[in-house]
Every structure is written in C-alpha cells, then in structure tokens.
Amino acid sequence: MTRTPPATPLHWKLVIDAADPHAQADFWAAALGYEVEDNSALIERLLGFDAVPAELTVESHGRRAWRDLIAVRHPDDPHDEESGTGLGRRLLFQRVPEPKTGKNRLHLDLHPGAGRRADEVERLRGLGASVLREVKEAGGEWVVMQDPEGNEFCVH
C-alpha cells in the first residue's frame, strides 16, 4: 500500500488532560521557558457578541481566559494576534473530570544541557515537580519526575 504524505507538514499541539489546566500551564510555562497564551482579546470579542457565556471563562493573570483549557507556547514561535493562539510548539491543557489512573503513554524529555541535570531537577522541584527515580543504564542517565498532577517526564 502506497501512502501519500501531506503536501506540507501538519500543524499539531500536544493536548494534556488536567484537573487544573491553569496550574498545569503555569508549571509547564515555567519549566520550559514558554509563555502562557493570552486569548483574552478573542474571549472579550466573543463575550461582546454573546457568542459564549461568561461561565466558560475565568480571570487568570489579570486577564480573561477559558475556564477549561489553556495553552503554553514557545516564545519565539509565531502566534495569531487576534486569538492569541500559538502557531508552533504548544502544549494545551484541558480540564477533565476523571483523575489520572495509570502511567503516561507519552511524556516529555527535557534536555537542559551537559552538566546541568542536577540543577534543573532542583529548579523543577522548586516549581512543584517531584522525583520518582534516577535511572543509570548503559545507554545513559536521566531522572524520572512527575509534574504537580502526577504526569511523568524525564530530565536528561
């Protein structure tokens, strides 16, 4: 079977389920050096047209935000000025009612650079992450951590 690739690379984002999407966005923005997206102009416009109810929004960082989802984006990537939506590397956190029940099937690997792992682990602990275990194998060394909601990630 011959598969035809897309004409251009597909735009994508990684979506992460969360009990508190805004707290998760704040953690990961600080962890990665990303920016929390500002969707307030779009939200205010939609509220002004009565297109969405105010109950779908909250106050976050002194501006209107969606109650149940928020994204973080790489500060150097482009974004849509009208909506605040990133057009590059993004993580979107969406509220879900059920708690995390098992191991992640997908996780982030953070690479702070040679000789910086221990300092990065301590910085992330200060942001609310916890260490699960340190791994030393023939293929390398890394630290397995959890974000504040228990999602695993690795620091290499």
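Structure first, text after, so check above.
Residues numbered from 1 in each chain as written. Predicted model: local features only at pLDDT ≥ 70, side-chain atom pairs only at ≥ 80, totals over all residues. Heavy atoms only, no water.

Undergrad: In this structure, what is going on with the pairing of strand S5 (residues 69–73)? I would like to understand it.
TA: On a regular strand, one side chain projects to one face of the sheet and the next to the other, so that they alternate. For S5, the buried fraction is high: four of the five residues fall into the buried class. Where strand S2 (residues 35–36) lies against S5, two bridges are found, and the strand directions are antiparallel. Looking at S5, one finds that Val36 is bridged to Val72. The sheet contact formed by S5 and strand S6 (residues 90–95) spans five bridges and is antiparallel. Within S6, the position partnered with Arg73 by the bridge is Arg90. (Buried < 20%, exposed > 50% of the residue type's maximum accessible area, 1.4 Å probe, protein only. Helix = DSSP H or I, 4+ residues; strand = E, 2+ residues; numbered from the N terminus. Pairing = 2+ DSSP bridges.)

Undergrad: Just checking my understanding: could you explain the side chain of Arg73 for this structure?
TA: Inspection of the secondary structure assignment puts Arg73 in strand S5. With residues up to four places along the chain from it excluded, the contact list for Arg73 reads Tyr34, Glu35, Glu37, His79, Gly84, Gly86, Arg89 and Arg90. (Contact = heavy atoms within 4.5 Å.)

Undergrad: For this particular structure, what's the right way to read the nonpolar core?
TA: A general tendency of soluble globular proteins is for nonpolar side chains to be buried together. Ranked by size, the top nonpolar core spans 22 residues in total, and within it Trp28, Val72, Leu91, Phe93, Leu124, Met145 and Phe153 carry the most contacts. Those elements that place two or more of their residues in this core are strand S1 (14–18), helix H1 (21–32), S5, S6, helix H3 (117–127), strand S9 (140–146) and strand S10 (152–155). In terms of residue count, the dominant contributor to this core is H1 (five residues). If near-sequence neighbours (up to four positions away) are discounted, Met145 is found in contact with Val121, Leu124, Arg125, Ala129, Ser130, Val131, Leu132, Asn151, Glu152, Phe153 and Val155. (Core = buried A, V, L, I, M, F, W, Y, C linked by side-chain atoms within 4.5 Å.)

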